[in-house]
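# Fold and geometry: a report
Next come the chains, spelled out residue by residue.
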Amino acid sequence: MFFGILALYFVEAQTQNKVMKEKHTNSLINETSPYLLQHAHNPVSWNPWGDDVLQKAQARNKPLLISIGYSACHWCHVMEHESFENEEVAKLMNELFVCVKVDREERPDIDQVYMDAVQLITGRGGWPLNCFALPDGRPFYGGTYFPSDDWVKVLKAISNAYMTEKEKVLRSAEQVSEGLRTSGLILEKAETSLFQMADLVKSVNVWKSSFDKKYGGENRAPKFPIPISLDFLLNYYFYTKDVEVLDHVVLSLDKMAEGGIYDQVGGGFARYSVDEYWKVPHFEKMLYDNAQLLSLYSNAYRLTKKALYKRIVEETIGFLEREMSFAEGGFYSALDADSEGVEGKFYVWEKEELDQLLGDDSIIFSEYYEVSKSANWEEGNILHIKKDKKELLDKYQLSERAFDLLMKESKKKLLQAREERIRPGLDDKFLSAWNALLIKGYLDVYKAIGDETYLKKADQIANFIMARMMQSGVQLFRTYKKGDSRINAFLDDYTFTLEAFIALYQASFDEAWLNRADAMMAYVIKNFYDDKSGMFFYTSVEDAKLVARKMEVMDNVIPSSNASMAESLYLLGHLLEDEKYVELSGQMLANMKEHTLKYLSYHGKWANLMLKQIESPYELVISGSDARQYQKEFNKRFYPNVLILGSEKESELPLLKNRFNNEITSFYLCKDKACFAPTSNMEEVIRRIDLK
């Protein structure tokens, strides 16, 4: 009932908004961010972030109201309609504050600062994020979503406190700012200690207590996929052969693939599930999730050869290329959860609708995906697999091939019908970091399946980054939209791009990507490195200063940029035989050893690097005219303990020099600076690796 009323309310609000577009225009109108442009016709006098905003607040002696969100955020939309489109509320905001709107995806540096502040103040965070700060940017109060009546009370109370209890507000701002400056600081370890598998085993055994043994993932709700955590567990199984861990990864991947979090009709994953069953998603689809899940399912397919994982990968790529790509060669950021003002309306189905579209096939399809007249969710039926496939094969006397064909054809009809619906909003900005994750995703699919199309797609995105996002050959922009590249890139933009370039070299043997990675690495060390801690700041020395300069060390839905940097240093150091890079990586991991082992589920990227430090990987050189063909065959196997490099011509790379022979393709397998005798037999190499 609530959602039906909310739908009517949204339709009315959208109608009013059309009128307001002619009535109000604020400073956001000149921005390219879809999220900021959504607010450009609010009666609130929003400003984009910038030094001029701080100057304006100081000149007017008004506190800042910093409101942060993103285009696919459902509750951001709700608060906008309830408060920011309300003329009386907007009038109060304009009178009492200098109002700033921030797209957290464009400016994660600002979001980090004020999210940390709100978490320090209230103990919780989320979006929409609303933070109140002194005119110089120092935060003193904040929260997340506020209903309209509560929001008005908060506005008045904060303004009154600022005017009548200034000293108290100043003390609060100083305490919060000090907390921001000291929280998350990493100290450099004087000695780089040894890393031992026994320590990781102990930490994994503690982690196991939080495994959901029935539905996979963590034993809680809501449930986020967190691909990097499952990726670590997959690698951990390879090294330890801990079957309980592999079972957990397989269960998690299976249940996600069967759940409503996966778009059973069009492919691709929603951001998270609100329940423990992966059934009811929060329907927005993010590029970063799907990029990482391509890698995860591809690696799981390489290990298990489970046909389901290959299908999920292919369907997810189908979704991305159909709904998220643009002609210039890149991919958009996100699809909204809402359409027509209702969350999930684009994705759910009525039983009568399926009956009309599928005819007699609707009986089996509906039973398989738990579709009923009463519906399995407030707004309709969320397609998710509840019935055992074998049970239906027996019940309806169908072969597996006939069943699969029925499902495939039925989903095709539903997809065509769904295309006639009003689509969710598209966040049509390009983000360097997220597209770099997708390059890696495509390359992992290429390794698992061997289809050159995926390598070409990865190359296409990388070349878009080179052409549109690069300055001076090494310096990146964060975001791009319709010919406009802007905002100096942050550490994750660089580190994920470094990972992508290194992976492109290892997939194509095109040394230009390795050279680009080396040049970019030098730039990042110069502009982001902190010689006091041996870690990397999230922002460059060239960026305008915020209240605090933060370091990102923990994984979230996106891996830690410092962990990504440490891994790229490690890989590049080994591929180029550059000990300086290897030493920097080792120091970073030593700094994070205690944190990683204590909170392993939030440090999967660091733990993957720790596995490499514990058991140093093999270096496999493939040199000769058939090098890439052999490499393609080798890559179909899951060997996270092998660094692969090669060439189909003469090369000056240290590990390739003087190893090319035009008449025969040879394999050189090395470990810990010692090499086996070269061979032209790939199976012999595989036997050596398997012997460990």
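See the structure above.
The text that follows walks through the structure, step by step, so that each part is easy to find. Keep in mind that what you see is a predicted model, and the values were worked out from it rather than measured.

### Notes on the overall build of the protein chain
For the protein chain, the count of helices and strands is 26 helices and 22 strands. For 692 residues, the compact-globule estimate of 2.2 N^0.38 gives 26 Å, and the C-alpha radius of gyration of the protein chain, at 26 Å, lies within 12% of that figure. For the protein chain, contacts bridging at least 24 residues in sequence account for 69% of all contacts bridging at least 6. When the accessible surface of the protein chain is totalled, it reaches about 28000 Å², and 50% of it is carbon and sulfur.

### Section: the pattern of salt bridges
Throughout the structure, instances matching the rule amount to 52 salt bridges. Between D109 and R107 there is a salt bridge; the shortest N-O distance is 2.8 Å. The pair D109 / R107 is uniform in exposure class, with both members buried. Salt-bridge contacts for R637 lead to E683; the nearest nitrogen and oxygen are separated by 3.4 Å.

### Considerations on the sheet that holds strand 20 (residues 642-647)
Taken in spatial order, the four strands of this open sheet run 20-19-21-22, and their pairing is mixed. The open sheet has two free edges, formed respectively by strand 20 and strand 22 (674-675), since each of these has just one partner strand. In this structure, strand 21 (residues 666-671) lies alongside strand 22, joined through two bridges in antiparallel fashion. Paired with K671 across the strands is A674, a residue of strand 22. Lying on the sheet, helix 26 (residues 682-691) is in contact with strand 19 (618-623), strand 20 and strand 21; it crosses strand 21 at an angle near 15 degrees.

### Quick look at a nonpolar patch on the surface
Judged by side-chain polarity, M554, Y599 and Y602 come together as a nonpolar surface patch covering roughly 300 Å² of accessible area. Structurally, Y599 can be placed in the loop between helix 23 (579-598) and helix 24 (604-614).

### A look at the pairing of strand 21
Here strand 21 lies mainly inside the structure; five of its six residues are buried. As consecutive antiparallel partners, strand 21 and strand 22 are separated by two residues, and within that stretch D672 has a phi angle of approximately 55 degrees, a positive value.

### A word on the packing of aromatic side chains
Scanning the entire structure with this criterion turns up 43 aromatic pairs. Ring centres of Y288 and W434 lie 4.7 Å apart, and the angle between their planes is 75 degrees; this geometry places the pair in the edge-to-face category. Linking Y288 in helix 12 (residues 287-304) with W434 in helix 18 (residues 432-449), this pair joins segments that are 146 residues apart in sequence. The pair Y288 / W434 is uniform in exposure class, with both members buried.

### Focus on the environment of S540
Along the polypeptide, S540 turns up in the loop between strand 18 (535-536) and helix 22 (561-576). A residue is classified by how much of its surface remains accessible, and S540, at 5% relative accessible area, is buried. Taking the C-alpha atoms as reference points, S540 and K526, 14 residues apart in sequence, are found 9.1 Å from one another. Those residues in contact with S540, other than ones at most four positions away along the chain, are N527, F528 and R549. A distance of 3.0 Å separates a polar atom in the side chain of S540 from the backbone nitrogen of E542.

### Regarding the packing of helix 9 (residues 197-208) against helix 10 (residues 227-240)
Between two packed helices, both the angle of their axes relative to each other and the distance between the axes serve to describe the pair. Orientation of helix 9 relative to helix 10, taken along the N-to-C sense of each, is 130 degrees, at an axis distance of 12 Å. Regarding the angle of helix 9 to helix 10, the classification is oblique. As for the relative orientation of helix 9 and helix 10, their crossing is left-handed in sense. In this structure, helix 9 uses M197, L200, V201, V204 and W207 to contact helix 10, whose residues at the interface are S229, F232, L233, Y236, Y239 and T240. In the contact of helix 9 with helix 10, the residues fall into nine nonpolar, two polar and no charged.

### Points about helix 6 (residues 108-122)
Since there are 3.6 residues in each turn of an α-helix, residues three or four apart along the chain are aligned in direction. Relative to the 21 Å expected for 15 residues at 1.5 Å per residue, helix 6 spans 20 Å between its end C-alpha atoms, a close match to the ideal helical length. All of the buried residues along helix 6 are P108, D109, I110, D111, Q112, V113, Y114, M115, A117 and V118. Packed against the buried residues of helix 6 are strand 2 (64-69), strand 3 (98-103), strand 4 (129-133), strand 5 (139-143), helix 8 (166-182) and strand 15 (475-481). Positive phi appears at G123, one or two residues downstream of helix 6, with a value of about 85 degrees.

### Section: the side chain of T32
Within the secondary structure, T32 is located in the loop between helix 1 (2-23) and helix 2 (34-38). In contact with T32, not counting residues within four places along its chain, are L37, E106, K481, D484 and R486.

### What to know about the state of the cysteines
This model, assessed by the stated rule, comprises two disulfides. Two residues, C73 and C76, share a disulfide whose sulfurs are 2.3 Å apart. Disulfide C73 to C76: torsion about the S-S bond roughly 80 degrees, handedness right-handed. C76 shares its class with C73; the two are buried. Across the disulfide from C670 sits C675; the S-S distance is 2.0 Å. As the torsion about the S-S bond is roughly 95 degrees, the C670-C675 disulfide counts as right-handed. In this structure C670 comes out as buried when scored by relative accessible area, which is 3%. The cystine pairing of the protein chain, numbering bonded cysteines in sequence order, is 1-2, 3-4. No disulfide involves C99; its sulfur sits 13 Å from the nearest other cysteine sulfur, which is in C131.

Cut-off values and rules
- Residues numbered from 1 in each chain as written.
- Predicted model: local features only at pLDDT ≥ 70, side-chain atom pairs only at ≥ 80, totals over all residues.
- Heavy atoms only, no water.
- Helix = DSSP H or I, 4+ residues; strand = E, 2+ residues; numbered from the N terminus.
- Rg over C-alpha atoms; globule rule 2.2 N^0.38 Å.
- Contact = heavy atoms within 4.5 Å.
- Areas by Shrake-Rupley, 256 points an atom, 1.4 Å probe, with all protein chains shown as cover.
- Salt bridge = Lys/Arg side-chain N within 4 Å of Asp/Glu carboxyl O.
- Buried < 20%, exposed > 50% of the residue type's maximum accessible area, 1.4 Å probe, protein only.
- Pairing = 2+ DSSP bridges.
- Axes fitted to C-alpha atoms, helices over the stretch in contact; angles between N-to-C directions.
- Patch = residues over 30% accessible without salt bridge, like charges linked within 9 Å, V, L, I, M, F, W, Y side chains within 5 Å.
- Phe/Tyr/Trp six-rings, centres within 6.5 Å; stacked < 30°, edge-to-face > 60°.
- Polar contact = N/O pair within 3.5 Å; in protein donor to acceptor, adjacent residues only side chain to side chain.
- Parallel < 35°, antiparallel > 145°, perpendicular 65-115°, else oblique.
- Left-handed = near helix turned anticlockwise from the far one by under 90°.
- Nonpolar A, V, L, I, M, F, W, Y, C, P; charged D, E, K, R; others polar.
- Expected span 1.5 Å × (residues − 1).
- Disulfide = S-S within 2.5 Å.

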